[in-house]
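# Geometric and topological summary
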There are 2 protein chains.
Amino acid sequence: MARLLRHVTITVAVYIGGGEESSKEKLNCVKVNGSKSFTAAKMGLLRQDHAMPMPCIGGVDEDVLEEHLRQNIPRRKQMVDPYRHGEMVEEGVGYRQTVVIRSYEVGADKTATIESLLNLLQETALNHVWMSGLLSDGFGATHGMMRNNLIWVVSRMQVQVDHFPIWGEVMEIDTWVGASGKNGMRRDWLLRSQVTGTVFIRATSTWVMMNKETRRLSKMPDEVRAEIAPWFIEKHAIEEESPEKIEKLDANARYVHSNLKPKRSDLDMNHHVNNVKYLRWMLETIPDEFLEKHQLSDMVLEYRKECGSSDVVQSLCEPQFNENIGLNGHTASSQILQGNGLLGAINQRPLSYTHLLQTKGESKNEEIVRARTTWREKKHGAKPFHS
Amino acid sequence: MARLLRHVTITVAVYIGGGEESSKEKLNCVKVNGSKSFTAAKMGLLRQDHAMPMPCIGGVDEDVLEEHLRQNIPRRKQMVDPYRHGEMVEEGVGYRQTVVIRSYEVGADKTATIESLLNLLQETALNHVWMSGLLSDGFGATHGMMRNNLIWVVSRMQVQVDHFPIWGEVMEIDTWVGASGKNGMRRDWLLRSQVTGTVFIRATSTWVMMNKETRRLSKMPDEVRAEIAPWFIEKHAIEEESPEKIEKLDANARYVHSNLKPKRSDLDMNHHVNNVKYLRWMLETIPDEFLEKHQLSDMVLEYRKECGSSDVVQSLCEPQFNENIGLNGHTASSQILQGNGLLGAINQRPLSYTHLLQTKGESKNEEIVRARTTWREKKHGAKPFHS
């Protein structure tokens, strides 16, 4: 199973597959020719640093090598990623990516779903690490984390949505990182309309490190701090983060969905149930009649425990009808700033829900996520979901 | 609720929101300034035809107008879409888009999920129509279809996967359309590795038109034929399409999942359950032990009836252990061509499943999709899903 490695041009590395499909791949590789490079060049798609420094082939697992060549993760900091419309900003330590909202990222009302938006946050965060030259083989882990057998886990996330982007809308996503206590990192995001510069979404998150084997939280090793600290910026996407404690719901919660089981397709590269699935479990517990007439304006998620593929999950949710929420929460306070005053805030009657996802064990339950979602009324009449 | 419309530069149209949030949006619009345009220009992101011809504001619904400005659907054919890395090819009637496989498009094994790949097929098809200048307000419908109250519905789809792309891999997707009988249209796709040119995936589909109100299939009106016929290319992504009839399963099928209900998040812009959900319902009926060790190599879907949000669905599936399938099917025949011979094909024991999705009515069941999926063994040992 010999594998051949060749450079077709100075900037394009080509792998030719071995094993049982070698003849076919060799045939297809003939297509890497002048006209192809021309097309890529014409579109400004050729990477400056495309050819990876070639490791010694003899000592490296062939499949790992093939994966490296296909993924082409840079080992040095890159300033521009033309394939992803990404660039380094903020004196080279922040990341900005331009994305177009895709047809399958929107719901029946043509606006981006909150799940798609969470996916875009994850994607841009990983692309930031990708371009930094720090990305190792893991899911956002640096080389130093890899050496220490550490992975990132999120402990808190807050997302404020002022406007939902629509199908085809061009958005600009900024993301950057900062210090969070002694052993944590915060990551923030701003999503703007590319045309007007209007801020649509603000988000912040807190991350800590976990040992991959013991599954215990870890201090940040000095070598990891040395890698990431130069990237820290003292800037906050959300000025005043939600300070309220999220109470823990119990079996008396108004809405309870039980016996939820992760499926194969819900697992991410770390083999955990992904964030978006958590969110879907939470939102599906809110009654349809409410979701038809409201859209999310703010959510805070506090992560307590990872959810594995064999866990059975329960989603609890309790509405908060207290109008005071409007006075402390984001939507109301920004309205007051805009001069709509207290009355406007109360009239809008923002509602919120408290959520809990937990695993149902035989002897005890364990918390996965506590959350609070805050909602505003939709501007337009709602289309009923079940016709 | 006056809305102001301004051009900041010749090429950038800006809307400034009115209504209850006007002061806020005006504030944010200050950000549309020289440095912003510079950034966009630097990245090659300024559209040549960004400013839409301005309709008379008085007679147009303001929200429709705002949506138009934000979506910015072109009214004339565009040759290049720098935001989406799209360009017209094949003498200006085919479409090519470069995409990077995103972190959330891959499964636990770091390869793109078949659901993500279907999403990318849909996305590039719509972007093709988008750039053609033919796109009206609907989900891929042309102006002529809009005038005749028609929407597209897919009647058949075949996807052949030789390789699954991995996280971060740069792919080039070509798509084009052709005639299919008197009243139909076919749409084909080729997905290639951008670096090597190796073809990873081939797909073809057949589309017909349906009246939006009566939900009955429609002949293709002459004015619609006049719009789309100039785009037809006589070229097939899949040389020999699967000719076998897909049998209809009944209650004796080996695996049956009942009482499946669409959720809000499963609906597309046409308010129907989307394709990806169909596929998920089908694949989830296949046992996990099989999915762990195999990957999809071919699937054919025949669509019979649309599934609405209030339907209750049953997913049936029956394995085919007949080794002859390997001799007729795609995987085996391409191996024979490559000189691996008959023995190699039989050794690989390709397996296939027949599928049926149907609505469970009180008096009768109605078919939604019949399908056949064909599988190959994974190269590497499978990681068990439930640890």
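Everything numeric here is computed off the predicted structure, so don't read it as measured data.

### Examining the overall build of chain A
The helix and strand tally for chain A stands at eleven helices and 15 strands. Taken across its 387 residues, chain A has 57% of its residues classed as buried. Considering only intrachain contacts with a sequence separation of at least 6, the fraction spanning at least 24 residues in chain A is 69%. Summing over all exposed atoms, chain A offers an accessible surface of approximately 16900 Å²; the carbon and sulfur share of this is 52%.

### Some thoughts on the environment of Phe139 of chain A
Considering the arrangement of structural elements, one finds Phe139 of chain A in the loop between helix 4 (114-132) and helix 5 (143-147). The exposure class assigned to Phe139 of chain A is buried, which follows from its relative accessible area of 16%. Residues Phe139 of chain A and Asn252 of chain A, 113 residues apart in the sequence, show an inter-C-alpha distance of 38 Å. Not counting residues within four places of it along the chain, the set of residues in contact with Phe139 of chain A comprises Gln122, Leu126, Asp268, Met269 and Asn270 of chain A together with Ser103 of chain B.

### Some remarks on the UniProt feature "domain: Acyl-ACP thioesterase N-terminal hotdog" (unreviewed entry) in chain A
UniProt feature "domain: Acyl-ACP thioesterase N-terminal hotdog" (unreviewed entry): in the numbering of this structure it lies at residues 94-228 of chain A. Structurally, residues 94-228 of chain A is divided into 23% helix and 41% strand, and its ends, taken at the C-alpha atoms, are 12 Å apart.

### Focus: the packing of aromatic side chains
In this structure the tally under the stated criterion is ten aromatic pairs over all chains. Ring centres of Tyr278 of chain B and Tyr303 of chain B lie 6.2 Å apart, and the angle between their planes is 40°; this geometry places the pair in the tilted category. One end of the pair, Tyr278 of chain B, is in helix 7 (residues 275-283); the other, Tyr303 of chain B, is in strand 12 (residues 294-303), and 25 residues separate them in sequence. In this pair, the class of Tyr278 of chain B matches that of Tyr303 of chain B, namely buried. Among the aromatic residues, those joined into a cluster by ring pairs are Trp130 and Phe139 of chain A together with Trp167 of chain B. Above the plane of the ring of Trp130 of chain B lies Arg84 of chain B, whose end atom (NZ or CZ) is 4.4 Å from the centre. One Lys or Arg, Lys235 of chain B, reaches over the ring of Trp176 of chain B and ends 4.1 Å from the middle of that ring.

### Here we look at the pairing of strand 13 (residues 313-320) of chain B
Residues and elements named next belong to chain B. Of all the eight residues making up strand 13, seven are buried; the element is thus mostly covered by neighbouring parts of the structure. Where strand 11 (residues 255-260) meets strand 13, four bridges bridge the pair, whose relative direction is antiparallel. Note on strand 13: the bridge partner recorded for His257 is Ser315.

### A short note on helix 4 (residues 114-132) of chain B
Taking 1.5 Å per residue, 19 residues should reach 27 Å; helix 4 of chain B reaches 27 Å between its end C-alpha atoms and fits that length. A positive backbone phi angle near 85° is found at Gly133 of chain B, which sits one or two residues after helix 4 of chain B.

### Structural notes on the packing of helix 4 of chain A against helix 7 (residues 275-283) of chain A
Angle between the axes and distance between the axes are the two parameters that describe a pair of packed helices. All names here are of chain A. Where helix 4 contacts helix 7, the axes come no closer than 10 Å and their chain directions differ by 160°. The angle between the axes of helix 4 and helix 7 places the two elements in the roughly antiparallel class. In this structure, helix 4 meets helix 7 at a crossing whose hand is right-handed. On helix 7, the residues touching Ile114, Glu115, Leu118 and Asn119 of helix 4 are Val276, Leu279, Arg280 and Leu283.

### Concerning the environment of Met79 of chain B
Residues and elements named next belong to chain B. Counting through the fold element by element, Met79 comes out in the loop between helix 3 (62-71) and strand 3 (80-81). The sequence separation of Met79 and Leu267 amounts to 188 residues, and the corresponding C-alpha distance is 31 Å. Once residues within four sequence positions are removed from consideration, Met79 is found in contact with Gly86, Glu87, Met88, Gly92 and Met131.

### Thoughts on the side chain of Gln78 of chain A
Topologically, Gln78 of chain A is positioned in the loop between helix 3 (62-71) and strand 3 (80-81). Judged by relative accessible area, which is 16%, Gln78 of chain A ranks as buried.

### Comments concerning helix 7 of chain A
When you tally the buried positions in helix 7 of chain A, you get seven out of nine residues, the bulk of the element. Backbone nitrogen of Val276 of chain A and a side-chain oxygen of the N-cap are separated by 3.0 Å at the start of helix 7 of chain A; the cap is Asn274 of chain A.

### Observations regarding the confidence of the model for chain A
Detailed conclusions should not be drawn from predicted coordinates in areas where pLDDT is low. All names here are of chain A. The share of residues in chain A with pLDDT of 70 or more is 74%, and the mean pLDDT across the chain is 78. In the model of chain A, strand 2 (residues 13-16) stands out as the element of lowest mean pLDDT, 26, in contrast to strand 5 (residues 94-100), which has the highest, 98. pLDDT under 50 marks residues 324-348. Its contacts with residues more than four places away, or in other chains, come to 32 contacts. Per the prediction output, this complex has pTM 0.79; the corresponding ipTM is 0.79.

### With respect to the environment of Met209 of chain A
Residue and element names in this part refer to chain A. Inspection of the secondary structure puts Met209 in strand 9 (residues 199-211). The spacing of Met209 and Val129 is 80 residues in sequence and 15 Å in space, taken between C-alpha atoms. For Met209, the residues in contact, after removing those within four places along its chain, are Met145, Leu150, Ile151, Trp152, Arg216, Leu217, Ser218, Met220, Pro221, Val224 and Ile228.

### Focus: the state of the cysteines
Think of a disulfide as a covalent bridge from one cysteine sulfur atom to another cysteine sulfur atom. Residue and element names in this part refer to chain A. With the rule as written, the count across this model stands at zero disulfides over all chains. Unpaired in this structure, Cys317 has its nearest cysteine sulfur neighbour in Cys307, at a distance of 18 Å. Overall, the relative accessible area of 0% leaves Cys317 in the buried class.

### Thoughts on the side chain of Glu105 of chain B
Along the chain, Glu105 of chain B falls in the loop between strand 5 (94-100) and helix 4. Glu105 of chain B gets classed as buried once you look at its relative accessible area, which sits at 3%. In this structure the side chain of Glu105 of chain B is engaged in a polar contact, spanning 3.2 Å, whose partner is the side chain of Arg102 of chain A. If we skip the residues at most four places from it in the chain, Glu105 of chain B touches Arg102 and Tyr104 of chain A together with Val100, Thr111, Ala112, Thr113, Ser116 and Leu120 of chain B.

About the criteria used
- Residues numbered from 1 in each chain as written.
- Chains lettered and ligands numbered in written order.
- Predicted model: local features only at pLDDT ≥ 70, side-chain atom pairs only at ≥ 80, totals over all residues.
- Heavy atoms only, no water.
- Helix = DSSP H or I, 4+ residues; strand = E, 2+ residues; numbered from the N terminus.
- Buried < 20%, exposed > 50% of the residue type's maximum accessible area, 1.4 Å probe, protein only.
- Contact = heavy atoms within 4.5 Å.
- Areas by Shrake-Rupley, 256 points an atom, 1.4 Å probe, with all protein chains shown as cover.
- UniProt positions renumbered as here; feature names shortened; annotations may be inferred.
- Phe/Tyr/Trp six-rings, centres within 6.5 Å; stacked < 30°, edge-to-face > 60°.
- Lys NZ or Arg CZ within 6 Å of the ring centre and 35° of its normal.
- Pairing = 2+ DSSP bridges.
- Expected span 1.5 Å × (residues − 1).
- Axes fitted to C-alpha atoms, helices over the stretch in contact; angles between N-to-C directions.
- Parallel < 35°, antiparallel > 145°, perpendicular 65-115°, else oblique.
- Left-handed = near helix turned anticlockwise from the far one by under 90°.
- Polar contact = N/O pair within 3.5 Å; in protein donor to acceptor, adjacent residues only side chain to side chain.
- pLDDT = per-residue confidence, 0-100.
- Disulfide = S-S within 2.5 Å.

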